[in-house]
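Summary of structural features
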Amino acid sequence: MDCLFCKIIQGEIPSAKIYEDEFVYAFRDIDPKAPTHVLIVPKKHISSVNELEAEDTALLGNVYKAVQTIAVAEGIDKTGYRVVVNTLSDGGQTVAHLHFHLLGGRSLTWPPG
């Protein structure tokens, strides 16, 4: 499979890893949009939110547990943060592997973009 995030998870492409467990791999975004900008990627290849199946429910719980753990480690759990999931090209998804952006470290405005 020629997936950028799968290659990062497998160690074929270097990344600034900050968290890993049996379900997810998390690393710093190379083009951060906030002082804290972490990508949290399920190890299971799922192309987008549209490809989620009923069997992935537990995986999503593990993703959000990782979000919580990383937010504490990054010191943004008390001040606030945003979790963003882009889906397909009009939604801003640039890598066809489901991933979650954890953004924090400053006040984030609404609406984004």
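Here, every reference points to the structure presented above.
The structure reproduced in this document is the subject of the present report. In this text, all values refer to a predicted model and were calculated from it rather than measured experimentally.

**So, unusual backbone geometry**
Residue Trp110 is joined to Pro111 through a cis peptide bond whose omega torsion reads 0°. Tracing the backbone shows Pro111 in the segment after strand E5 (100-104). One non-glycine residue, Leu88, lies in the positive phi region at around 60°. Mapped onto the elements, Leu88 comes out in the loop between strand E4 (81-84) and E5. The class for Leu88 is partly exposed, based on a relative accessible area of 46%.

**Notes on helix H2 (residues 57-74)**
For an α-helix, 3.6 residues make a turn, and residues three or four places apart therefore share a direction. An ideal rise of 1.5 Å per residue puts 26 Å on 18 residues; H2 measures up with 26 Å between its terminal C-alpha atoms. Leu59, Val63, Ala66, Val67, Ile70 and Ala71 are the residues of H2 that are buried. Each buried residue of H2 sits inside an arc of 135° when the element is viewed along its axis, so together they form one side. Seen from the buried face of H2, the exposed residues on the opposite side, beyond 90 degrees, are Thr57 and Ala58.

**Describing the layout of surface pockets**
Here the largest pocket is characterised by a volume of approximately 630 Å³. If you go around the largest pocket, you meet 32 residues; those closest to its centre are Asp29, Lys33, His37, Leu39 and His101. Sorting the residues of the lining of the largest pocket by element identifies helix H1 (4-9), strand E2 (24-28), strand E3 (36-42), E4 and E5 as the ones contributing at least two each. Along the lines of polarity and charge, the residues of the lining of the largest pocket split into 17 nonpolar, nine polar and six charged.

**Topic: the nonpolar core**
Counting residues in each nonpolar core, the largest one holds 16 residues, and the members touching the most others are Tyr19, Val24, Ala26, Val38, Ile40, Ile70 and Leu102. Listing elements by their share of this core, those giving two or more residues are E2, E3, H2 and E5. Ignoring any residue separated from it by four or fewer positions in sequence, one finds Val38 in contact with Ile18, Ala26, Phe27, Arg28, Asp29, Ile70, Phe100, His101 and Leu102. Membership of the second largest hydrophobic core comes to ten residues, among which are Ile9, Tyr25, Phe27 and Val95.

**Things to note about the sheet that holds E3**
Pairing within the open sheet is antiparallel, and its five strands lie in the order E1-E2-E3-E5-E4. Pairing within the sheet leaves two strands with one partner each, and these edge strands are strand E1 (17-20) and E4. Recorded for the sheet is a direction-independent mean angle of 20° between the axes of neighbouring strands. Sheet topology places E1 next to E2; three bridges connect them, and they run antiparallel. Paired with Lys17 across the strands is Phe27, a residue of E2. Where H2 meets the sheet, it contacts E1, E2, E3, E4 and E5, and its direction lies at approximately 155° from that of E3.

Here is what the cut-offs are and how they apply
Residues numbered from 1 in each chain as written. Predicted model: local features only at pLDDT ≥ 70, side-chain atom pairs only at ≥ 80, totals over all residues. Heavy atoms only, no water. Helix = DSSP H or I, 4+ residues; strand = E, 2+ residues; numbered from the N terminus. Buried < 20%, exposed > 50% of the residue type's maximum accessible area, 1.4 Å probe, protein only. Expected span 1.5 Å × (residues − 1). Arc of directions from axis to C-beta. 1 Å grid on protein atoms, 1.4 Å probe; cavity = no way out; pocket = protein on both sides within 12 Å on 5 of 7 lines; lining within 4 Å. Points joined across faces, edges and corners; volume = space filled by probe spheres on them. Nonpolar A, V, L, I, M, F, W, Y, C, P; charged D, E, K, R; others polar. Core = buried A, V, L, I, M, F, W, Y, C linked by side-chain atoms within 4.5 Å. Contact = heavy atoms within 4.5 Å. Pairing = 2+ DSSP bridges. Axes fitted to C-alpha atoms, helices over the stretch in contact; angles between N-to-C directions.

That is the geometry; function is a separate question.
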